[in-house]
Amino acid sequence: MDPELKERLMTPGPPLEAPELSPSLRLASLTRREENAVIELRRKHSYAQCAEAMKFFSECSAKYTIGVLWNCKEHKAIMNECLRRANTTDSMDRARSIFVHEKQKKLAEKKNKPRTLI
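Residues numbered from 1 in each chain as written. Predicted model: local features only at pLDDT ≥ 70, side-chain atom pairs only at ≥ 80, totals over all residues. Heavy atoms only, no water.

**Student:** Describe the packing of helix α4 (residues 51-63) against helix α6 (residues 73-86), listing the residues and the values that go with them.
**Tutor:** Between two packed helices, the angle of one axis relative to the other and the distance separating the axes together describe the packing. Two elements in contact, α4 and α6, have axes separated by 9 Å at closest approach and are oriented at 160°. Our classification of the angle between α4 and α6 gives roughly antiparallel. For α4 against α6, the interelement crossing comes out left-handed. Packed against α4, whose contacting residues are A53, M54, F56, F57 and C60, the element α6 presents H75, K76, I78, M79 and C82 at the interface. A breakdown of the residues in the contact of α4 with α6 according to their chemical character gives 8 nonpolar, 1 polar and 1 charged. (Axes fitted to C-alpha atoms, helices over the stretch in contact; angles between N-to-C directions. Helix = DSSP H or I, 4+ residues; strand = E, 2+ residues; numbered from the N terminus. Parallel < 35°, antiparallel > 145°, perpendicular 65-115°, else oblique. Left-handed = near helix turned anticlockwise from the far one by under 90°. Contact = heavy atoms within 4.5 Å. Nonpolar A, V, L, I, M, F, W, Y, C, P; charged D, E, K, R; others polar.)

**Student:** Explain the state of the cysteines to me, and be specific about the residues and the numbers.
**Tutor:** The term disulfide refers to a covalent linkage connecting the sulfur atoms of a pair of cysteines. Tallied over the full model, the rule gives 2 disulfides. There is a disulfide in this structure between C50 and C82, and the S-S distance comes to 2.2 Å. The S-S bond linking C50 to C82 shows a torsion near -95°; that makes this disulfide left-handed. Taken together, the positions of C50 in the loop between α3 (32-49) and α4 and C82 in helix α6 put the pair 32 residues apart, joining distant regions of the chain. Exposure remark for C50: the relative accessible area of 1% places this residue in the buried category. Its relative accessible area of 1% is what places C82 among the buried residues. Across a sulfur-sulfur distance of 1.9 Å, C60 and C72 are joined as a disulfide pair. Note on the C60 and C72 pair: the S-S dihedral is about -90°, so by sign convention the disulfide is left-handed. (Disulfide = S-S within 2.5 Å. Buried < 20%, exposed > 50% of the residue type's maximum accessible area, 1.4 Å probe, protein only.)

**Student:** Provide a residue-level description of α3, including the pertinent values.
**Tutor:** Relative to the 26 Å expected for 18 residues at 1.5 Å per residue, α3 spans 26 Å between its end C-alpha atoms, a close match to the ideal helical length. Looking at α3, one finds that the buried residues are E34, E35, V38, L41, S46 and Q49. Taken around the axis of α3, the buried residues stretch over an arc of 130°, which confines them to a single face. For α3, the exposed residues lying more than 90 degrees away from the buried face are R32, R33, K44 and A48. Taken together, the buried residues of α3 touch α4, α6 and α7 (89-112). (Expected span 1.5 Å × (residues − 1). Arc of directions from axis to C-beta.)

**Student:** Please set out the pattern of salt bridges residue by residue, giving values where relevant.
**Tutor:** Opposite charge on two side chains permits them to pair, given that their charged atoms come into close proximity. Taken as a whole, this structure holds 7 salt bridges when the rule is applied. One salt bridge connects R43 with E40, and the closest N-O pair in it is separated by 2.4 Å. Taken together, the positions of R43 and E40, both in helix α3 and 3 residues apart, correspond to about one turn of that helix. Under the relative-accessibility criterion, R43 is labelled partly exposed at 34%. For R84, the salt bridge goes to E81, with nearest N and O atoms at 2.6 Å. In this pair, R84 and E81 both sit in helix α6, 3 residues apart, roughly one turn of the helix. Residue classification places R84 among the exposed residues on the basis of a relative accessible area of 53%. E81 gets classed as buried once you look at its relative accessible area, which sits at 19%. Residues joined by salt bridges that share partners form a network here, namely E35, D93 and R96. (Salt bridge = Lys/Arg side-chain N within 4 Å of Asp/Glu carboxyl O.)

These figures come from the coordinates and say nothing about function on their own.
Pasting the structure below:
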């Protein structure tokens, strides 16, 4: 395999644009459910960043059944390296800031919504 192609496939796409949060909100504690939602958000974005490498592996694995273990070893290593590079603490912080920003927006909308009596 061409080393340039291999390096291009292992390099994740551009990172997410995340809103800047105040220092007090950076340390905001999240519930377990919210933390799991942040992990899912980060996973979705890392899959989007490494879509080309994942497609490269899936095309190889579609050709084989049991032989995928031996025949697609390099493809799998490229995909895993791309995902490893995409899933950093920085990407986790970005996902967390996106989540907290969306949570703040929802709370602000809820606060501004007029109350109705039944």
